[in-house]
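Residue-level structure breakdown
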Amino acid sequence: MKIRIGGLAVAALTLVLLGVGSAAAKPAASCGTVTLNEQAWAGSTANTYVVKNVLEKSLGCKVKITKIAEVPVYQAMADGKTDAILEDWGHIPQWAQYVTKQKTVVRVGANGVIGTIGWYIPDYLMKQHPEFATWKGLKGKESLFKSPESGSQGMFLGGDPSYQQKDKTLIKALNLNLKFVSVGAEPAQVARWTQLYKQHKPVLFYWYDPQYLNATYKLSQVQLPARFKGCLDDEKQGGDPKKYACAYPSYTLLKFMSKKFATSGSPAVNVIKRFKWSNADQNFVAGLIAGKHVNPDKAAQQWIAANKAKVNVWLGK
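Owing to the predicted nature of the structure, the values given are computational and were not obtained by experimental measurement.

**A closer look at the side chain of Q164**
Within the element layout of this structure, Q164 appears in the loop between strand 5 (154-157) and helix 6 (167-173). Among the polar contacts made by the side chain of Q164, one reaches the side chain of Y251 at a distance of 3.3 Å. Beyond its immediate sequence surroundings of up to four residues, Q164 is in contact with E70, W89, G90, H91, I117, Y206, D233, D234, Y248 and Y251.

Here it is as structure tokens:
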């Protein structure tokens, strides 16, 4: 009898312990669907597809991709239409509105890439005209850059219209006889300046790093006026042109999430927070996608397979 009672007691205690254990051990959160925003440059495509493949292969997430321009994407995050952007180039007014004031978007750290924007010419032109090392050397020689679009003025080839830029206003502020010309998105701009480069002709254009083509083409940066307190960089803000008469800054490229996604408990949140790589990493993947026309998922998987240690850090391993 004692043995039987003891057995029942043990069995009952076991059931209690099992019950406590199952109540305490909550199942891991399901990843569900994550929406990443791919922006209009090759580096953003590289970021997006690498993170997409890590989330899909390692966490079982379903990843959707939106393609919303740099400024409107903040409203899209606030509205829950996209969950995260992996590379922002310093949209300070949007940070003030959506992160600080509305608190509908959350800043989640740097992605490891340092961005630079500026005015560039080919190396061969810099060797012919060393005075072009600074913007002052362009004065009086703008006609060297004439094109069918610019008439009697020299052509300044602008970037994708959706990008943050100030070159039209900067040209006015510096009193240069240049006409700002935009031929469209990044691929169209690249096609135009690389054609002139291959013909060994003069060309002056908006450009940046990281960019995979910087490993292929030899370019020199034209030094713009030094930055000063209150210097502006996005001419869409308007105002006195003199406030734009300075060089672009260097950018520590940042990641942002919608507040809703950041507090959702999705395991994808911490992976995106930990996502960090280098200019060289990004340029490698962007070069495969935009330069060699490798399928973006396959390009991402190639980099992931060769960089398991970095990916494991993102996964918290």
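**Thoughts on the side chain of E38**
By the secondary structure assignment, E38 is in the loop between strand 1 (33-37) and helix 2 (42-59). Classification of E38 by relative accessible area gives buried; the value is 9%. At 2.7 Å, the side chain of E38 and the side chain of T45 are in polar contact.

**Let's talk about the packing of aromatic side chains**
Across all of its chains, the model carries 25 aromatic pairs by this definition. The interplanar angle of 75 degrees and the centroid separation of 5.2 Å between the aromatic rings of W193 and Y217 together place this pair among those described as edge-to-face. Taken as a pair, W193 in helix 7 (residues 186-198) and Y217 in the loop between strand 7 (204-209) and strand 8 (219-222) lie far apart in primary sequence, 24 residues in all. For Y217, a relative accessible area of 12% gives the class buried. Centroid distance F275 to W314: 4.9 Å. Interplanar angle 80 degrees. Geometry classified as edge-to-face. A residue pair is termed long-range when its members are at least 10 positions apart, and F275 in the loop between helix 9 (267-274) and helix 10 (279-291) and W314 in helix 12 (residues 308-314) qualify at 39 residues. W314 matches F275 in its accessibility class, with the two residues each being buried. One residue, R107, lies across the ring of W95, its end atom 5.0 Å from the ring centre.

**Looking at the state of the cysteines**
Per the stated rule, a full pass over the model turns up two disulfides. Covalently, C31 is tied to C61 through a disulfide, its sulfur atoms 1.8 Å apart. Its S-S torsion of about 95 degrees marks the bond between C31 and C61 as right-handed, since a negative value means left-handed. Pair noted here: C31 is in the loop between helix 1 (2-24) and strand 1 and C61 is in the loop between helix 2 and strand 2 (62-66), with a separation of 30 residues, a long-range link. Judged by its relative accessible area of 7%, C61 falls in the buried class. Linked covalently through their sulfurs, C231 and C246 form a disulfide whose S-S length is 1.4 Å.

**Some thoughts on helix 10**
When helix 10 is considered as a whole, its buried residues turn out to be N279, D281, Q282, N283, V285, A286, G287, L288 and I289. Once helix 10 ends, the next one or two residues include H293, with phi positive near 60 degrees.

**Section: the packing of helix 10 against helix 11 (residues 296-306)**
Geometrically, a packed helix pair is captured by the angle between its two axes and the distance between the axes. Where helix 10 meets helix 11, the axes come as close as 9 Å, and the angle between the chain directions of the two elements is 145 degrees. By crossing handedness, the relation of helix 10 to helix 11 is classed as right-handed. Residues D281, F284, V285, L288 and I289 of helix 10 pack against P296, A299, Q302 and W303 of helix 11. Residues that form the contact of helix 10 with helix 11 fall into these classes: seven nonpolar, one polar and one charged.

**A closer look at the pattern of salt bridges**
Inspection of the entire model under this criterion finds eight salt bridges. One salt bridge connects E56 with K52, and the closest N-O pair in it is separated by 3.2 Å. Of the two residues, E56 and K52 are both situated in helix 2; the distance of four residues between them amounts to about one turn of the helix. By relative accessible area, E56 is classed as partly exposed at 24%. The class of K52 is buried, set by a relative accessible area of 10%. A salt bridge links K166 to D233, with the nearest nitrogen and oxygen atoms 2.9 Å apart. Placement of K166 in the loop between strand 5 and helix 6 and of D233 in the loop between strand 8 and strand 9 (250-258) is noted, with a sequence separation of 67 residues between them.

What counts and what doesn't
- Position labels on residues start from 1 in each chain and follow its written sequence.
- Restriction of local features to residues with pLDDT of at least 70 applies here, the model being predicted, together with a cutoff of 80 or more for giving and counting side-chain atom pairs; totals for whole chains, interfaces and linings are based on all residues.
- The side-chain quantities take in all heavy atoms of the structure and omit both hydrogens and water.
- A run of H or I in DSSP counts as a helix once it spans at least four residues, and a run of E counts as a strand once it spans at least two, with each numbered from the N terminus.
- Here a polar contact is recorded for every N or O atom pair within 3.5 Å, except that within protein the pair must consist of a potential hydrogen donor and a potential acceptor, and residues adjacent in sequence are included only if both atoms are side-chain atoms.
- It only takes one pair of heavy atoms within 4.5 Å for two residues to be counted as in contact.
- To sort residues, take the accessible area from a 1.4 Å probe on protein chains only and compare it with the maximum for the residue type: under 20% means buried, over 50% means exposed, and anything in between is partly exposed.
- Each aromatic pair joins two rings of Phe, Tyr and Trp (for Trp, the six-membered one) with centres within 6.5 Å, and gets the label stacked for planes under 30 degrees apart, edge-to-face for over 60, and tilted for any other angle.
- Only when the NZ atom of a Lys or the CZ atom of an Arg is both within 6 Å of the ring centre and within 35 degrees of the ring normal do we say a charge sits over the ring.
- By disulfide we mean two sulfur atoms from cysteines, separated by a distance within 2.5 Å.
- Axis definition: a line fit to C-alpha positions, over the contact stretch in the case of helices; interaxial angles, taken between N-to-C directions, run 0 to 180 degrees.
- With the far helix as reference, a near helix turned anticlockwise by less than a right angle produces a left-handed crossing, and one turned clockwise produces a right-handed crossing.
- Side-chain classes are defined by residue name, with Ala, Val, Leu, Ile, Met, Phe, Trp, Tyr, Cys and Pro counting as nonpolar, Asp, Glu, Lys and Arg as charged, and the others, Gly among them, as polar.
- Salt bridge, as used here, is a side-chain nitrogen of Lys or Arg placed within 4 Å of a carboxyl oxygen of Asp or Glu.

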